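Here is how the chains run, residue by residue.
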Amino acid sequence: MKARINLAELAPEAYTALLGLERFLRKSSLPHSTLELVKLRASQINGCSFCVDMHGHDMKQAGESDERIFAVAAWREAPYFTDAERAALALTEEATRLADRGEAVPDPVWEEAARHYDEETLAALVVAIATINAWNRIGVTTRLVAGSHRHG
């Protein structure tokens, strides 16, 4: 498998802008572990093998347990996540699957996230979800190869 194009080379200003969002998120009040859970779950939903691979490895390097990494796709049934993380994962799913439901991001999902995060952190969570969805769409469209960020 080979990537179709290299966005960093062909659209460096766009790539740099997305990296700016990543810098914002690293400095935000959103817990790093939650950020990585969000990235992995959205990437699973969107079928971005590059991002699933990357964020699974990033989580492992950050000290996440195998159980938590493996269970992200089935987080509702797994005992490994806090109530706040569950709220973030639910919001991630709703905001990632906007076209799949009559009411995109239902009020109860938003309210549960707002119960666990202050407004500043909730804003960062929304930016995190939007950012990983942008990366996923780039990765899937350009066919970024899983593991290539580690091997090339």
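Coordinates for the structure precede this section.
These numbers were taken from a predicted model, which means no experiment stands behind them.

Asker: Help me understand the pattern of salt bridges, please; the structure alone is not making it clear to me.
Answerer: Any two side chains of opposite charge can pair if their charged atoms end up close together. Applying the stated rule across the entire model yields 8 salt bridges. The partner of arginine 68 in a salt bridge is glutamate 64, and the shortest N-O contact between them spans 2.5 Å. In terms of burial, arginine 68 and glutamate 64 fall into one category: buried. With a shortest N-O distance of 2.8 Å, arginine 76 and glutamate 93 are connected by a salt bridge. In this pair, arginine 76 sits in the loop between α5 (66-71) and α6 (83-96) while glutamate 93 sits in helix α6, placing the two residues 17 residues apart along the sequence.

Asker: So what exactly am I meant to see when it comes to the environment of cysteine 51 here?
Answerer: Tracing the backbone shows cysteine 51 in helix α4 (residues 49-61). Sequence-distant contacts of cysteine 51, that is, excluding residues within four places in its chain, are made with Ser43, Gly56, Ile132, Trp135 and Asn136.

Asker: Before we go on, may I ask you to explain unusual backbone geometry in this structure?
Answerer: Excluding glycine, most residues fall at negative phi; most peptide bonds, likewise, are trans. For valine 105, which is not glycine, the phi dihedral falls at a positive 50°. Looking at the element boundaries, valine 105 is found in the loop between α6 and α7 (107-116). Of note in this structure, arginine 143 is not a glycine but carries a positive phi near 60°. Assignment of secondary structure puts arginine 143 in the loop between α8 (119-142) and α9 (148-151).

The rules we used
Residues numbered from 1 in each chain as written. Predicted model: local features only at pLDDT ≥ 70, side-chain atom pairs only at ≥ 80, totals over all residues. Heavy atoms only, no water. Salt bridge = Lys/Arg side-chain N within 4 Å of Asp/Glu carboxyl O. Buried < 20%, exposed > 50% of the residue type's maximum accessible area, 1.4 Å probe, protein only. Helix = DSSP H or I, 4+ residues; strand = E, 2+ residues; numbered from the N terminus. Contact = heavy atoms within 4.5 Å.

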